[in-house]
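Descriptive analysis of the structure
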Amino acid sequence: MNKNAKLNPVQLQLDDILLRPWQPGDEEALVKHGDNYQIWKNVRDRFPHPYTMEDARIWIRIANQDPTAINLAIVIDREVAGAIGVIFKDDVYSRTAEIGYWLGETYWRQGITTRVVQALSDYVLEQFDICRLYAGVFEYNQASSRVLEKAGYHLEARLRQSVTKEGRTVDELIYTRLANQAEDEK
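The residue count restarts for each chain, going from 1 along the sequence in the order it is written. For a predicted model such as this one, the threshold for reporting local features is a pLDDT of at least 70, and the threshold for listing and counting side-chain atom pairs is 80 or more; totals across whole chains, interfaces and linings nevertheless cover every residue. To obtain the side-chain values, all non-hydrogen atoms of the structure were used and water was disregarded.

**As for unusual backbone geometry**
H49 connects to P50 through a cis peptide bond whose omega is 0°. Counting from the N terminus, the helices are DSSP H or I runs at least four residues long and the strands are E runs at least two residues long. By secondary structure assignment, the location of P50 is in the loop between α2 (37-40) and α3 (53-62). Notably, D77 is not glycine yet its phi reads approximately 50°, a positive angle. With respect to the element layout, D77 can be found in the loop between β3 (69-76) and β4 (79-88). Between buried and exposed lies partly exposed: a residue is buried under 20% and exposed over 50% of the maximum accessible area for its type, with that area taken using a 1.4 Å probe on protein chains only. Residue D77 is classed as exposed on the basis of its relative accessible area of 67%.

Dropping the structure here:
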């Protein structure tokens, strides 16, 4: 997985957006933006709803401790506005990683998510021995599909009836970005 890069702490500055490790003091903004049904319906059930201050405290305590992941706060105007992370796989998938993200509804439709997904994807593909990044999107989340496409990902698969959210079973769309993608497209 590693080209002598460290998983944490990773910090990326994108002009007006900062991607940085989680830290004490982020809890209030995390609850403010994370406690939102519109976000929760598009993420895995391990993301709590409602999102409480205790949930935020727990996340801040554990987010930077996972040796197989990069978990970053998306900071806009010095306030946490969302999250982005990468989970590095192991065993026969050791050159594969999964990316996930969410952004507070206040910041939707401004191109922010595309920028942060692209930046972290570029970083991971440059700094680690990863050949494949992927993201799973619930079939009804067209905004996330567009984000990934704009960030250089391609629809690779439709996993039929593979996700159940709120008692509704839907397809999951798998988007990938390959390290050698630019070469493959020539």
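**Overview of the pairing of β4**
With eight of ten residues buried, β4 is to be regarded as a mostly interior element. Here eight bridges tie β3 to β4, and the two strands are oriented antiparallel to one another. Its bridge partner being in β4, I70 is matched across the sheet by V86. In short, DSSP must find at least two bridges between two strands for them to pair. A loop of two residues connects β3 with β4, the two strands running antiparallel in sequence, and D77 in this loop sits at a positive phi of about 50°. Strand direction decides the pairing type here: β4 and strand β5 (residues 96-103), joined by seven bridges, are antiparallel. For I84, the partnering residue across the bridge sits in β5 and is Y101.

**Describing the packing of helix α1 (residues 27-34) against α3**
Angles run from 0 to 180 degrees between N-to-C directions of axes, and those axes are lines fitted to C-alpha atoms, restricted for helices to the stretch in contact. Between α1 and α3, the least distance of the axes is 9 Å, while the angle of their chain directions is 120°. If you check the angle between α1 and α3, you find them oblique. Our pair here, α1 against α3, has a crossing hand that is right-handed. Contacts between α1 and α3 involve E27, E28, L30 and V31 from the first element and M53, A56, R57, W59 and I60 from the second. Working definition: roughly parallel below 35 degrees, roughly antiparallel above 145 degrees, roughly perpendicular at 65 to 115 degrees, and oblique for all remaining angles. What makes a crossing left-handed is the near helix being turned counterclockwise from the far one by less than a right angle; a clockwise turn instead makes it right-handed. Any two residues having at least one pair of non-hydrogen atoms within 4.5 Å are treated as being in contact.

**Some details on the nonpolar core**
Of all hydrophobic cores here, the largest spans 37 residues; its most connected members are I84, V117, L120 and V124. Top element by residues in this core is helix α4 (residues 112-127). It accounts for eight residues. With sequence-adjacent residues up to four places away left out, V124 is seen in contact with I70, V86, F88, I130 and L133. Nonpolar core, defined: a set of buried Ala, Val, Leu, Ile, Met, Phe, Trp, Tyr and Cys residues in which side-chain atoms within 4.5 Å join the residues together. Counting 18 residues, the second largest nonpolar core, distinct from the first, contains W22, L30, V31 and A63.

**Here's the deal with the side chain of E172**
Its location among the elements puts E172 in strand β8 (residues 168-178). We score Asp and Glu as negative and Lys and Arg as positive, and we do not count His or the chain ends. Just to be clear on terms, a salt bridge is a Lys or Arg side-chain nitrogen sitting within 4 Å of an Asp or Glu carboxyl oxygen. One buried charged residue, E172, remains without a salt bridge, the closest side chain of opposite sign being R44 at 4.5 Å. Not counting the four nearest positions on each side in its chain, E172 is found in contact with G136, V137, A157, R158, L159, S162 and V163.

**Considering the sheet that holds β3**
Spatially, eight strands are ordered β1-β2-β3-β4-β5-β6-β8-β7 in an open sheet, and the strand pairing comes out mixed. On the outer flanks of this sheet lie β1 (12-14) and β7 (154-165), each paired with one strand and no other. Ignoring strand direction, the axes of neighbouring strands in this sheet form an average angle of 25°.

**Overview of α1**
With six of its eight residues buried, α1 lies for the most part within the structure. Taken residue by residue, α1 has E27, A29, L30, V31, H33 and G34 as its buried positions. Tucked inside the fold, the buried residues of α1 contact α2, α3, β4 and β5.

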